Amino acid sequence: VAPYIEADQVLEADLSPDSDVVTYTRLAVGVDASFEGRNSAGGISLRYERRIGEGDGAPDGDLISGIARVSASIVPHTLTVEAGGLAARTNVQGNGAAFISPLADNVGKSNVYAAYAGPSLDAHTGDVDIQGHYLVGYTRLEQSDAAVTGPGAGGVDLFDDSVTQSAELRVG
């Protein structure tokens with residue numbers, strides 16, 4: 001287990017065309033943890049970040065994110081199950097730009113959630129090796145109407161959720 005604290009003073013300058021300068025303080029706390037046993041392993045990372053703007057052009061914002069993974073050997077050296085997940089806040093602008101760590105937590109805010117799970121098989125029968133893997137993943141994006149298609153037009157929802165599957169089998 002490794003907890004941490006960060007404190008940064010940031011100066012951000014847009015040199016062209018506006019010559020805008022923004023300063024803010026970034027404070028973060030988090031923890032990274034992992035374990036490894038004979039038949040299981042896992043890890044997790046959690047982070048909370050607070051940005052405090054200084055002056056009129058620097059908004060305040062919060063960011064929280066986490067990622068985790070775990071695997072367990074159901075039948076040692078033969079059948080393993082793995083699962084993981086992610087949760088993060090991102091910022092999607094009307095022009096399509098995306099930022100994982102937004103300065104402001106109200107405009108273009110999007111929450112991303114993802115998870116995956118599946119088994120892996122590694123078996124040997126005589127001279128035949130059998131390897132198989134299957135993973136199913138799910139991703140969900142919660143966002144306000146992020147893309148504006150034209151002046152005065154309403155926003156368009158870009159993405160809601162998806163399911164992805166991957167399977168592989170090798171016999172030889």
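A brief structural summary. (Residues numbered from 1 in each chain as written. Predicted model: local features only at pLDDT ≥ 70, side-chain atom pairs only at ≥ 80, totals over all residues. Heavy atoms only, no water.)

1. Remarks on the pattern of salt bridges
Let me state the cut-off plainly: What makes a salt bridge here is a side-chain nitrogen of Lys or Arg within 4 Å of a carboxyl oxygen of Asp or Glu, nothing more. Put simply, DSSP marks the helices as runs of H or I at least four residues long and the strands as runs of E at least two long, and each gets a number from the N terminus on. The rule is simple: take the accessible area with a 1.4 Å probe, protein chains only, and divide by the maximum for that residue type; under 20% is buried, over 50% is exposed, in between is partly exposed.
Applying the stated criterion across every chain yields a total of seven salt bridges. Across the salt bridge formed by Asp8 and Arg26, the nearest N and O atoms sit 3.1 Å from each other. A residue pair is termed long-range when its members are at least 10 positions apart, and Asp8 in strand S1 (residues 2-14) and Arg26 in strand S2 (residues 20-36) qualify at 18 residues. Where Glu49 meets Arg51, a salt bridge forms, and the shortest distance between an N and an O atom there is 2.7 Å. In this structure Glu49 comes out as buried when scored by relative accessible area, which is 4%. It is possible to trace a salt-bridge network through shared partners that takes in Glu6, Arg47, Glu49 and Arg51.

2. Re a negative patch on the surface
Just so we agree on the cut-off: To count toward a patch, a residue needs a relative accessible area over 30% and no salt bridge; like charges are then connected within 9 Å, while nonpolar side chains (Val, Leu, Ile, Met, Phe, Trp, Tyr) are connected within 5 Å. To be clear on the numbers: accessible area is Shrake-Rupley with a 1.4 Å probe, and residue cover counts the displayed protein chains and nothing else. Residues counted as positive are Lys and Arg, residues counted as negative are Asp and Glu, and His and the chain ends are not counted. Where a charge lies is defined by one atom per residue type, namely NZ (Lys), CZ (Arg), CG (Asp) and CD (Glu).
On the surface, Glu12, Asp14, Asp18 and Asp20 cluster together into a negatively charged patch. Mapped onto the elements of the fold, Asp14 is located in strand S1. By relative accessible area, which is 35% here, Asp14 ends up partly exposed.

3. Remarks on the pairing of strand S7 (residues 109-125)
Across a regular strand the side chains alternate sides, sitting on one face of the sheet and then on the other. Quick note on the threshold: For two strands to be treated as a pair, DSSP must find no fewer than two bridges joining them.
Sheet topology note: the S7/strand S8 (residues 128-143) ladder contains 14 bridges and is antiparallel. Within the sheet, the bridge partner assigned to Ala115 lies in S8 and is Tyr138.

4. Section: the side chain of Arg89
Note the following rule: In the analysis that follows, any N or O atom pair within 3.5 Å is treated as a polar contact, provided that within protein one partner can donate a hydrogen and the other can accept it, and provided that, for residues neighboring in sequence, both atoms belong to side chains.
Topologically, Arg89 is positioned in strand S5 (residues 79-92). Side chain to side chain, Arg89 and Asn111 meet in a polar contact 3.4 Å long.

5. Digging into a nonpolar patch on the surface
A cluster of nonpolar side chains, contributed by Ile5, Val29, Tyr48 and Ile64, occupies part of the molecular surface with about 420 Å² of accessible area. Mapped onto the secondary structure, Val29 falls in strand S2.

6. Comments concerning the pairing of S2
By the bridge criterion, 13 bridges tie S1 to S2 in an arrangement that is antiparallel. Residue pairing across strands places Tyr4 opposite Gly30, the latter belonging to S2. Where S1 folds back onto S2 in an antiparallel hairpin, the turn is made up of five residues, including Ser19, whose phi is positive at roughly 50°. Where S2 lies against strand S3 (residues 40-54), 14 bridges are found, and the strand directions are antiparallel. Bridging across to S3, Tyr24 finds its partner in Gly53. Two successive antiparallel strands, S2 and S3, enclose a turn made up of three residues.

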